[in-house]
Amino acid sequence: MNIQWYPGHMTKAKRMMQEDVKLVDLIIELVDARVPISSRNPDIDELGKNKSRIIILNKSDLVSEKANELWSAYFEAKGYYVIKTNSKSGTGIKSVNAVITDACKEKIERDRKKGILNRPIRAMVAGIPNVGKSTFINAVAKKACTKTGNKPGVTKGKQWIRLNKSVELLDTPGILWPKFEDKLVGLKLAFIGSINDQILDSTELAMELIKYLSKHYSGTIGEFYGIEEDEDAFKTLNSIADSRKCLKKGNELDYDKAALLLLDDFRAARIGKIVLEWPYES
């Protein structure tokens, strides 16, 4: 599968972000802890030049603590502040305000020297689709989520959110980049649900996932579904359909249903805590 997905609204969203980045002191970039490199939009690095940066390893509950620690160390070594979060449960959210303040301490000190004491830190929340930006913002803002007034960024679907007297967040749409140079990047993003499922062949994608897991996590699928894994991905999918009674009319096996079941089980980490990439891979 060679997956490419860059709908027109993303071009517009990128242009808006290029304008909005002038208004902020900090970029908070959410990545998916299962694919911390593949889920980073390279355009955000260009946008974020000379800005303080925080990486949010979101959905950190879906991978092992070893993976979280290795990726945290990887990004910290590159100069980023890092927070591991599970926005749905709230894990890691309490530390966000303190890390924002720490990341912007030089800006706060410059303001203090100029006699500016109460200007809030403005942070852009960025990331690709389906990394959990909305859930993250809602978790950080709690019930105090409010627009902060008539200023650039409020219109055209964007929203300024006041966390407290000291911090304002700018929510932005999830955007990808125009072309995945590496075929595997597109596949990984499709596996985790960051590509619109409606443009994909679910059966073909499920077989690609079976091939990947059989190579890197041999035996995981067989153990979870109680089946024999086969070198032929279609035969493994056939066994999943049979074991889970995925049937069409006439008692024929429903491969689409089995494929969607596999993808859902993978995305929810029911199959296991699976990370699709590690730091410093050759």
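We now turn to the structure provided with this report. Being a predicted model, the structure only gives us computed values, none of them experimental.

Per the secondary structure count, the protein chain includes eleven helices and six strands. Computed over the C-alpha atoms, the radius of gyration of the protein chain is 21 Å, within 12% of the 19 Å expected from 2.2 N^0.38 for a compact globule of 282 residues. The C-alpha extent of the protein chain, read off along each of the three principal axes, is 75 × 35 × 35 Å. Each of the 282 residues in the protein chain was classed as buried or not, and the buried ones make up 51%. Within the protein chain, counting contacts between residues at least 6 apart in sequence, those at least 24 apart form 67% of the total. Element-wise, carbon and sulfur atoms account for 48% of the exposed surface of the protein chain, whose accessible area totals about 14300 Å².

Another aspect to go through is the nonpolar core. Residues Ile28 and Phe136 are the most contacted members of the largest nonpolar core, which totals 90 residues. Excluding residues within four positions of it along the chain, isoleucine 28 makes contact with Ile54, Ile56, Ile100, Ala123, Met124, Val125, Ala126, Phe136 and Leu169.

Topologically, lysine 59 is positioned in the loop between strand S2 (52–58) and helix H3 (65–77). Put simply, lysine 59 is tucked away with no salt bridge, and the nearest opposite charge, on aspartate 32, sits 4.1 Å away. With sequence-adjacent residues up to four places away left out, lysine 59 is seen in contact with Asp32, Ala33, Arg34, Thr85, Asn130, Val131 and Gly132.

This paragraph deals with the environment of threonine 135. Checked against the element boundaries, threonine 135 lands in helix H6 (residues 133–141). With 47 residues separating them along the chain, threonine 135 and lysine 88 place their C-alpha atoms 6.6 Å apart. Non-local contacts of threonine 135, meaning those with residues more than four positions away in its chain, are made with Ser87 and Lys88.

Another point: the sheet that holds strand S4 (residues 121–126). The strand order across the open sheet formed by six strands is S3-S2-S1-S4-S6-S5, and the pairing between neighbours is mixed. Only two strands of the sheet have a single neighbouring strand rather than two, namely strand S3 (81–84) and strand S5 (159–162). Averaged over all pairs of adjacent strands, the angle between strand axes in this sheet comes to 25°, irrespective of strand direction. As paired strands, strand S1 (residues 26–32) and S2 are joined by seven bridges and run parallel to one another. Paired with aspartate 32 across the strands is asparagine 58, a residue of S2. Across the sheet, helix H4 (residues 96–103) is in contact with S1, S2, S3, S4 and strand S6 (167–171); its angle to S3 comes to roughly 175°.

Criteria and thresholds
- Residues numbered from 1 in each chain as written.
- Predicted model: local features only at pLDDT ≥ 70, side-chain atom pairs only at ≥ 80, totals over all residues.
- Heavy atoms only, no water.
- Helix = DSSP H or I, 4+ residues; strand = E, 2+ residues; numbered from the N terminus.
- Rg over C-alpha atoms; globule rule 2.2 N^0.38 Å.
- Buried < 20%, exposed > 50% of the residue type's maximum accessible area, 1.4 Å probe, protein only.
- Contact = heavy atoms within 4.5 Å.
- Areas by Shrake-Rupley, 256 points an atom, 1.4 Å probe, with all protein chains shown as cover.
- Core = buried A, V, L, I, M, F, W, Y, C linked by side-chain atoms within 4.5 Å.
- Lys, Arg positive; Asp, Glu negative; His and termini not counted.
- Salt bridge = Lys/Arg side-chain N within 4 Å of Asp/Glu carboxyl O.
- Pairing = 2+ DSSP bridges.
- Axes fitted to C-alpha atoms, helices over the stretch in contact; angles between N-to-C directions.

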